[in-house]
There are 2 protein chains.
Amino acid sequence: MKTIYSEDHRLHHARLELIDGTLKPAVEMPSRADTVLARVREVGLGSVDTPTRHPRTAIERVHAPAYVAFLEQAWSLWTATGRAHDALPLNWPIRGFRGREPEAIDGKLSYYSFDAGSPITAGTWQAAISAVDVALTGVDVLNAGARSVFSLCRPPGHHAAADYYGGYCFLNNAAIAAQALRDQGAARVAILDVDYHHGNGTQSIFYERSDVYFLSIHGDPLQEFPYFLGYADELGEASGQGFNRNYPLRWGSGFDLWSAALKDACKVISDYRADALVVSLGVDTFEKDPISQFKLKSPDYLEIGRTIAALKLPTLFAMEGGYAVAEIGVNAVNVLSGFDEAAG
Amino acid sequence: MKTIYSEDHRLHHARLELIDGTLKPAVEMPSRADTVLARVREVGLGSVDTPTRHPRTAIERVHAPAYVAFLEQAWSLWTATGRAHDALPLNWPIRGFRGREPEAIDGKLSYYSFDAGSPITAGTWQAAISAVDVALTGVDVLNAGARSVFSLCRPPGHHAAADYYGGYCFLNNAAIAAQALRDQGAARVAILDVDYHHGNGTQSIFYERSDVYFLSIHGDPLQEFPYFLGYADELGEASGQGFNRNYPLRWGSGFDLWSAALKDACKVISDYRADALVVSLGVDTFEKDPISQFKLKSPDYLEIGRTIAALKLPTLFAMEGGYAVAEIGVNAVNVLSGFDEAAG
Ligand SMILES: [Zn+2]
Ligand SMILES: [Zn+2]
């Protein structure tokens, strides 16, 4: 399958994230994409194409325009206050606070984010819109008739909601791609999120809609980031009732439990009669991932690809997490190779 | 007037807080209380007494028992995961997230907080309950007939709500004192918050009640922490409608604007016919405060004390913020001396 990739991801290179009670070197780093790209080439997965620029309207089909404008301006507002280091928020409007955007940039960062682990840097906006183009060019490839495509997005997207960032995600590449598939003719789109973390942003974007079915297999929110979404009883609301499915798994879960969840999710997608599938492809389910607690092994990812291929759907893989940099290439590309092998 | 003070405040000594996009040495430090105590003694304000221990029920009249239990256990849960440095959360349940307490300590910290600037240390719980005893012993002094008392609380309290901490505050000393005054016979209690920052915690605790009137003069939330509460249109709700008053002032405001707000607030308190007054006494309104943007000068604090004394109410001063350590003693004690002088 084709890979869509842009060098612009390098423009987002955060230095430090707040985790474990302290600032540590950011695990979401440019070398992640390099390793994946190198593996794509090593196994000869297919051509590697650069994305084409898409209109901003596609982003605003999913994200609030005021939020998009904030992301675009954040770095210049931050540096206008005399600071040259990466921007981090300091507090958050939890229960009981009001939802009004402050004037001060520190307040805006606080208003539009949900964690202190996602620094905004000089190049974050450019990298984020480039990752969206990588996803939307993948949509173009599918619409041109391809069975599948790999959008090697970075930064990732699935934690970003309509109007907030977090979890290293700023614009929700997978959600924007799913919406573009809908807007370009697919009646029903499924999003399968196999990243270790719950795709809270994607879920919240489509939670009241029946035309995009969101499914996620992830660390139990009682134990794992983002903590406050991803429970099994979240089934959608309003028109979206019955079109959301979560498979929270406990720390230490291995491929036996994980693949049982995947099989169930694929059955749901099949019954839904989706016209297209977007896979939020995170490989932080890997046993050696530095911030995660599942026990998947490299050959398991081949099997994941084969299982997804059996759905026989036009499939866009959008890169999400995975922080064991040495193995992220092998694991991500194993999913794609397994898919190609089974798709024939 | 009497000062109530406990050495236990030293048990809370945070190392670093997230502010300005990075971890900086915590400005809320033990020497703050030392400076104030030294000045109390220097001017001969009155006797300095140690607090008596009060039952936990007084805390749970204001804070959720599950939150209090969390605070008590947080450090041991944190260190049980092999960490010895101060505990900080990493993400927060903003709009769209659910309100369920996670099992993992990192998730609990995230659930029960609203910022990344309030580290929990080995001694935070002991210091926080000791600050509550300082406040409640102040209530005892008033109930024994004193016109006024100074509860030299540390850590401060006014940002702490019924079930979350933040802004260097863990238990809301002023709110607990006001509730104790109510429970011990005062029909109407006013809380006047003169700290530079909005007393979001206190406001939220009493927002739907008419028996405790909350008034705050502070930096405009469009510009200043905590950003998401403290607007002039927050007037209370339900039974509390009309019993909350905010005076947000822009960065750079001096004593002319500030004292006009104070005079209006005192008029409101007088019209309310309060039986007792709790003053959340922060002096981070000072022109040299390192994290604030008002322009009050040291003599202005004498005038504040005189103006408050003119209300002729039994008055408990509970120490809140103020981070210009060299001058915090002079400024805080100027309020108290001004009060004593006018109270005669
Ligand atoms: Zn992840
Ligand atoms: Zn303050």
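Residues numbered from 1 in each chain as written. Chains lettered and ligands numbered in written order. Predicted model: local features only at pLDDT ≥ 70, side-chain atom pairs only at ≥ 80, totals over all residues. Heavy atoms only, no water.

Focus on the overall build of chain A
This is how the line gets drawn: The helix count covers DSSP runs of H or I at least four residues long, the strand count covers runs of E at least two residues long, and both are numbered beginning at the N terminus. In this analysis, two residues are considered to be in contact whenever any of their non-hydrogen atoms come within 4.5 Å of each other. Only four residue types enter the charge count, namely Lys and Arg as positive and Asp and Glu as negative; His and the chain termini do not. The location of each charge is read from NZ of Lys, CZ of Arg, CG of Asp or CD of Glu.
Across its full length, chain A carries 10 helices and 10 strands. Sequence-distant contacts in chain A: of pairs separated by 6 or more residues, those separated by 24 or more amount to 76%. Of the side-chain charges in chain A, 30 are positive and 41 negative, and the distance between the mean point of each set is 2 Å.

Quick notes on the coordination of the zinc ion (ligand 2)
All names here are of chain B. Rule in force here: Counted as donors are the N, O and S atoms within 2.8 Å of the metal, or 3.2 Å for Na, K and Ca, while water is not among the atoms, so some sites may look incomplete. Exposure classes here rest on a 1.4 Å probe applied to the protein chains alone. A residue is buried below 20% of its type maximum, exposed above 50%, and partly exposed in between.
Within the protein, Asp-195 (OD), His-197 (ND1) and Asp-284 (OD) serve as the donor atoms for the zinc ion (ligand 2), at 2.0 to 2.1 Å. Donor residues for the zinc ion (ligand 2) sit on one chain with the sequence pattern D-x1-H-x86-D. Placement of the pair is His-197 in the loop between strand E6 (189–193) and helix H7 (200–206) and Asp-284 in the loop between strand E9 (276–281) and helix H9 (298–309), with a sequence separation of 87 residues. The class of His-197 is buried, set by a relative accessible area of 6%.

Some remarks on the coordination of the zinc ion (ligand 1)
Between any two of four tetrahedral donors, the ideal angle at the metal is 109.5 degrees; between two of six octahedral donors, it is 90 or 180 degrees. The protein atoms donating to the zinc ion (ligand 1) are Asp-195 of chain A (OD), His-197 of chain A (ND1) and Asp-284 of chain A (OD), with metal-donor distances spanning 2.0 to 2.2 Å. If you list the donors of the zinc ion (ligand 1) from N- to C-terminus, the spacing comes out as D-x1-H-x86-D.

Structural notes on the packing of aromatic side chains
What counts is decided by this rule: The pairing test for Phe, Tyr and Trp rings, Trp by its six-membered ring, is centres within 6.5 Å, and the orientation test on the planes gives stacked under 30 degrees, edge-to-face over 60, and tilted for anything in between.
Summed over the entire model, instances satisfying the criterion amount to 41 aromatic pairs over all chains. For the ring pair Trp-92 of chain A and Trp-92 of chain B, a centre distance of 3.7 Å and an interplane angle of 5° mean the geometry is stacked. Pair noted here: Trp-92 of chain A is in the loop between helix H3 (65–79) and helix H4 (105–111) and Trp-92 of chain B is in the loop between helix H3 (65–79) and helix H4 (105–111), and the two residues belong to different chains. Judged by its relative accessible area of 0%, Trp-92 of chain B is buried. Look at Tyr-213 of chain B and Phe-243 of chain B: their rings are 5.6 Å apart centre to centre, the planes differ by 70°, and that puts the pair in the edge-to-face class. Taken as a pair, Tyr-213 of chain B in strand E7 (residues 212–219) and Phe-243 of chain B in the loop between E7 and strand E8 (244–249) lie far apart in primary sequence, 30 residues in all.

Re the UniProt feature "domain: Histone deacetylase" (unreviewed entry) in chain A
What counts here: UniProt positions are given in the numbering used here, feature names are shortened, and annotations may be inferred rather than shown by experiment.
Mapped onto the present numbering, the UniProt feature "domain: Histone deacetylase" (unreviewed entry) falls on residues 28–336 of chain A. As annotated, residues 28–336 of chain A comprises 39% helix and 12% strand, and the C-alpha atoms at either end are separated by 21 Å.

Considerations on the sheet that holds E9 of chain B
Residues and elements named next belong to chain B. So the rule is basically this: Here, a strand pair is defined by DSSP locating no fewer than two bridges between the strands. Between N-to-C directions, angles span 0 to 180 degrees; the directions come from axes that are lines fitted to C-alpha atoms, helices contributing only their stretch in contact.
Strand order in this open sheet of 8 strands is E4-E1-E5-E10-E9-E6-E7-E8, and the pairing throughout is parallel. Of all the strands in the sheet, just strand E4 (48–49) and E8 have a single pairing partner and so form its edges. Relative to the sheet, helix H10 (residues 325–343) contacts strand E5 (148–151), E9 and strand E10 (315–319), its axis offset from that of E10 by approximately 180°.

Some remarks on the pairing of strand E2 (residues 16–19) of chain A
Residue and element names in this part refer to chain A. Of the pairings in the sheet, the one linking E2 to strand E3 (residues 22–25) comprises 4 bridges and is antiparallel in character. The residue of E3 that forms the bridge with Leu-16 is Pro-25. Turn length for the E2-E3 hairpin, with the two strands adjacent in sequence and antiparallel, is 2 residues, and the turn residue Asp-20 shows positive phi of about 60°.

Concerning the sheet that holds strand E5 (residues 148–151) of chain A
Residues and elements named next belong to chain A. One open sheet holds the 8 strands; their spatial order is E4-E1-E5-E10-E9-E6-E7-E8, and the pairing between them is parallel. Only two strands of the sheet have a single partner each, and these edge strands are strand E4 (48–49) and strand E8 (244–249). As paired elements, strand E6 (residues 189–193) and strand E9 (residues 276–281) share 5 bridges and run parallel to each other. Its bridge partner being in E9, Ala-190 is matched across the sheet by Leu-277. The strands that helix H5 (residues 124–143) touches are strand E1 (2–4), E5 and strand E10 (315–319); relative to E5, the one it contacts most, it runs at about 170°. Where helix H6 (residues 173–183) meets the sheet, its contacts fall on E6, strand E7 (212–219), E9 and E10, and the angle it forms with E6 comes to roughly 165°.

Brief notes about the pattern of salt bridges
Going by this rule: Salt bridges are counted wherever a side-chain nitrogen of Lys or Arg sits within 4 Å of a carboxyl oxygen of Asp or Glu.
Enumeration over the complete set of coordinates arrives at 54 salt bridges over all chains. One salt bridge in this structure joins Arg-98 of chain B and Glu-234 of chain A, with 2.7 Å as the shortest N-O distance. Placement of the pair is Arg-98 of chain B in the loop between H3 and H4 and Glu-234 of chain A in the loop between E7 and E8, with the two residues belonging to separate chains. Salt bridges sharing common partners tie together Asp-20 and Lys-24 of chain A together with Arg-83 and Asp-106 of chain B.

Quick notes on H10 of chain B
Residue and element names in this part refer to chain B. Under the convention used in this document: What a helix is expected to span follows from its residue count: subtract one and scale by 1.5 Å.
Compared with an ideal rise of 1.5 Å per residue, which puts 19 residues at 27 Å, H10 spans 28 Å between its outermost C-alpha atoms and is within 8% of the ideal. Burial in H10 covers these residues: Ile-328, Gly-329, Asn-331, Ala-332, Val-333, Asn-334, Val-335, Leu-336, Gly-338 and Phe-339. Where H10 ends, the next residue or the one after it, Gly-344, has phi of about 75°, a positive value.

Topic: the side chain of Glu-28 of chain A
Residues and elements named next belong to chain A. Put simply, the test is: In the analysis that follows, any N or O atom pair within 3.5 Å is treated as a polar contact, provided that within protein one partner can donate a hydrogen and the other can accept it, and provided that, for residues neighboring in sequence, both atoms belong to side chains.
By secondary structure assignment, the location of Glu-28 is in the loop between E3 and helix H1 (30–42). Residue Glu-28 is classed as buried on the basis of its relative accessible area of 2%. Polar contacts involving the side chain of Glu-28 include one to the side chain of Arg-32, which spans 2.7 Å. Only 2.6 Å separates the side chain of Glu-28 from the side chain of Arg-154, close enough to count as a polar contact. Glu-28 has contacts with His-12, Arg-154, Pro-155, Pro-156, Tyr-168 and Tyr-323, leaving out every residue within four places of it along the chain.

A look at unusual backbone geometry
In this structure, the amide linkage connecting Arg-154 of chain A to the following residue, Pro-155 of chain A, adopts the cis form with an omega of 0°. Tracing the sequence through the fold places Pro-155 of chain A in the loop between E5 and H6. Geometrically, the link from Phe-225 of chain B to Pro-226 of chain B is a cis peptide bond, its omega value of 5° lying close to zero. With respect to the helices and strands, the residue Pro-226 of chain B is situated in the loop between E7 and E8. One non-glycine residue, Tyr-227 of chain A, lies in positive phi territory at about 70°. The topology assignment puts Tyr-227 of chain A in the loop between E7 and E8. Even without being a glycine, Tyr-168 of chain B presents a positive backbone phi close to 70°. Inspection of the secondary structure puts Tyr-168 of chain B in the loop between E5 and helix H6 (173–183).

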